[in-house]
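Spelled out from the first residue to the last, the chains are:
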Protein chains: 2
Amino acid sequence: MSVLNSIASPTLLLNEAVCKANIDRMSKKAKEHQVALIPHFKTHQSLEIGKWYREFGIDEITVSSIQMAAYFSGQSWQKIHIAFPFNPLEIDLLNTLTKSCPISIQLVNVQVARTLAERLTNPVDFFIEIDAGYGRAGVEVSDFGTIEAIMRIANRSEKLAFRGFYIHAGHTYHTDHSGIRKIHEQTKSALKMLKDKYCDEFPEMVTRSGDTPSCSIEDDFRGIDEIGPGNFVFYDLTQASIGSCDKSDIAIALATPVVDIKKETHEILVHGGGVHLAKDVLTNPDGTNNYGEVVLLTEQGWTIPTTTSFLKSISQEHGLIKATDELLNNTQIGDILGILPVHSCMTADCMRGYLSLNGEKLDHLKGQKAY
Amino acid sequence: MSVLNSIASPTLLLNEAVCKANIDRMSKKAKEHQVALIPHFKTHQSLEIGKWYREFGIDEITVSSIQMAAYFSGQSWQKIHIAFPFNPLEIDLLNTLTKSCPISIQLVNVQVARTLAERLTNPVDFFIEIDAGYGRAGVEVSDFGTIEAIMRIANRSEKLAFRGFYIHAGHTYHTDHSGIRKIHEQTKSALKMLKDKYCDEFPEMVTRSGDTPSCSIEDDFRGIDEIGPGNFVFYDLTQASIGSCDKSDIAIALATPVVDIKKETHEILVHGGGVHLAKDVLTNPDGTNNYGEVVLLTEQGWTIPTTTSFLKSISQEHGLIKATDELLNNTQIGDILGILPVHSCMTADCMRGYLSLNGEKLDHLKGQKAY
């Protein structure tokens, strides 16, 4: 791969073809099941990559912070949804942003709804986030008191408009196929119950669900109007391990220079650590830690070896690979190995910029221009 | 604290007084034991903070990448040491840097030594990194064949100059007082053996050891000429847990806005997750995960509550605190809580900028100017 010759230090490679195929697949699936795809951009955080979704008819997007919403606000999306319980300290930022960009937000309690009703200067749609078992954020699904108190505040407000219910079932990331199925059924059931209960009062309301595992694996979206997955754009080893994707669907790999080889312990030391990959970790069948898996960089991108070499440990800058005989015999100091990330959202957030296979640099919200 | 009023989103607070006290303490200890302190700057990665060391007589520093060396190269340090096995793909970058800045590097194999001898255009000092049991990087302590082969290459080179041996005993981070003592004895013994063996041939050679736990806890540095700890500038909960510092010595805290409170489950949801803190984790005595501990922000900085509330889980942007009754009863949505980090180097690398208690913004190598 000619672009390899330009790499001297850890660099995040992006395979545009794989990435676009992921967007295409999810987009087709959404159309087939008649759900709107409102993709989450927290994974890539890139204006350039954001543009690619246009080809697939996407016109509304999801982000995870007001700073991320501001970053994408110049791209004329019909609406940007901030999928995080609204932080009342950021109302002034929100009022500035909504002067020029249609925004929706998430509410999980009465107090913030009240504060917004008092202080919003421009119209804002909101979803009520529901906790259907994940236990991270959201109103309990049976807490109709809170749900209806928020609705009443919105009904009296000229600025706050109720748009529907949102569930992020993040616990699908930590289970298997049957677990994902069970959680997906809970999500659908919760959203259907809420829609049945409130659709007379709010006939325009929608239900939205977000997680990549359910959206990748499941084929029954009854009760769900909109989906907002994000990770599918790149996928990663976590998603491959729970069956959301194949490893060949993973669209990013960290290029890591080989700085030492220890034949006797089957270890290869690379420049690539926690500041590049983040420290998300999988557990191998034998109980050892896996911080990423080796791929072989080629002119077309990378190939996945038939036997797995993996990062057994990482520190701030160091990565230590447990290598197969095959890898050990074909690797030299000064080579560059690719590493498939355990959690692509976090790796992209660490690296803050991409290098495409044809040598183009792509932006990231938090990146410097030259990375 | 008036600076609190300027915070709406997650922000990394730096207590300058605590930080300078940490530098002062380590500097005095080094002088007392007649070892030179060559502090590692990978923890703070900040020009502004770097300047503070000058007050304590520091004139040589350590970094972990060539990019970090370049960042600090304008500050007239007498020498910058890159404490990472040299990556031969970066020789051109090194040749550029050494035109204007004295650099030393680390070598762990013959091949890179040979490549450097052929291609260096300016003089470079090097340490041979020794693996005395950590198992991450370095020449085996008894591998005199490799050590002497590297020395022979340097002897024939006009550019490569052997400076001494370097050991980073990173396994002290994962043990306790008696474990640290044992590792420190191994480090000293290894360095003393190597010095005895080679000091006739290289009378100017030095021995250097790096880890913060040993440098913080131990009081016998015989056999060690120079120390290069880094983390001590901020410390963190990991260091407090192994006894390197008190929690009151931790110099940074992540300011996190409170977005929801769940009284019944004793949980507080904050904006502060893996992209802010990194995902390093400690295990509480009861087996639960601990991604950071709550401190109460005040006008003078922060206070540590007598009972511990901690981050029980984090995702990309979310942090979920398990709160004590005391914290729960005194916290409102819209408040800002401080979080002491588990691993300050990684948290600083995520946040890439600091806000001092008097409202001054301090730089970070990877940060944008406005963060």
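On a predicted model such as this, the values are computed, not experimentally measured, just so you know.

Student: So what's going on with the relation of the copies chain A and chain B? Residues and values would help.
Tutor: Under the fitted operation, chain A is carried onto chain B by 0.0 Å of movement along the axis and a turn of 180 degrees, and the coordinates agree to an RMSD of 0.0 Å. Such a turn and shift between the copies fits a two-fold axis. Residue Lys 279 of chain A, judged by its C-alpha, is the member of chain A lying nearest the rotation axis, at 2.9 Å. With an isologous cut-off of 70% or more, the 100% of interface residues of chain A that recur at the interface of chain B puts this contact in the isologous class.

Student: So, the pattern of salt bridges: which residues are in play, and what are the values?
Tutor: One side chain can pair with another of opposite charge once the charged atoms of both are near each other. For the structure shown, the criterion picks out 46 salt bridges over all chains. Among the salt bridges present, the one from Glu 226 of chain A reaches Arg 163 of chain A, with a minimum N-O distance of 4.0 Å. With Glu 226 of chain A in strand β10 (residues 226–227) and Arg 163 of chain A in strand β8 (residues 160–167), this pair connects stretches of sequence that are 63 residues apart. For the pair Glu 226 of chain A and Arg 163 of chain A, one class covers both residues: buried. Ionic pairing is found between Lys 20 of chain B and Glu 16 of chain B, a salt bridge with its closest N-O pair at 2.9 Å. With Lys 20 of chain B and Glu 16 of chain B both in helix α1 (residues 16–32) and four residues apart, this pair spans about one turn of that helix. Using a relative accessible area of 24% as the deciding quantity, one classes Glu 16 of chain B as partly exposed.

Student: Hey, could you go over unusual backbone geometry for me, with residue numbers and the actual values?
Tutor: Among all residues save glycine, negative phi is the norm, and among peptide bonds the norm is trans. Positive phi outside glycine occurs at Ala 278 of chain A, with the angle close to 70 degrees. On the basis of relative accessibility, which here comes to 5%, the residue Ala 278 of chain A falls in the buried class. We note that Gln 34 of chain B has phi near 55 degrees; this positive angle belongs to a residue other than glycine. Secondary-structure assignment places Gln 34 of chain B in the loop between α1 and β2 (36–37).

Student: How would you explain helix α7 (residues 177–198) of chain A if you had to name every residue and give the values?
Tutor: All names here are of chain A. Taking 1.5 Å as the rise per residue, α7 with 22 residues should run 32 Å; its terminal C-alpha atoms sit 32 Å apart, in good agreement. Those residues of α7 that fall on the buried side of the exposure criterion are Gly 179, Ile 180, Ile 183, His 184, Thr 187, Lys 188, Ala 190, Leu 191, Leu 194 and Tyr 198. In a view along the axis of α7, the buried residues occupy a sector of 165 degrees, so they form one face of it. Along α7, the residues that are exposed and aim more than 90 degrees away from the buried face are Ser 178 and Lys 182.

Definitions and limits used
Residues numbered from 1 in each chain as written. Chains lettered and ligands numbered in written order. Predicted model: local features only at pLDDT ≥ 70, side-chain atom pairs only at ≥ 80, totals over all residues. Heavy atoms only, no water. Least-squares fit on C-alpha atoms with pLDDT ≥ 70 in both. Contact = heavy atoms within 4.5 Å. Salt bridge = Lys/Arg side-chain N within 4 Å of Asp/Glu carboxyl O. Helix = DSSP H or I, 4+ residues; strand = E, 2+ residues; numbered from the N terminus. Buried < 20%, exposed > 50% of the residue type's maximum accessible area, 1.4 Å probe, protein only. Expected span 1.5 Å × (residues − 1). Arc of directions from axis to C-beta.

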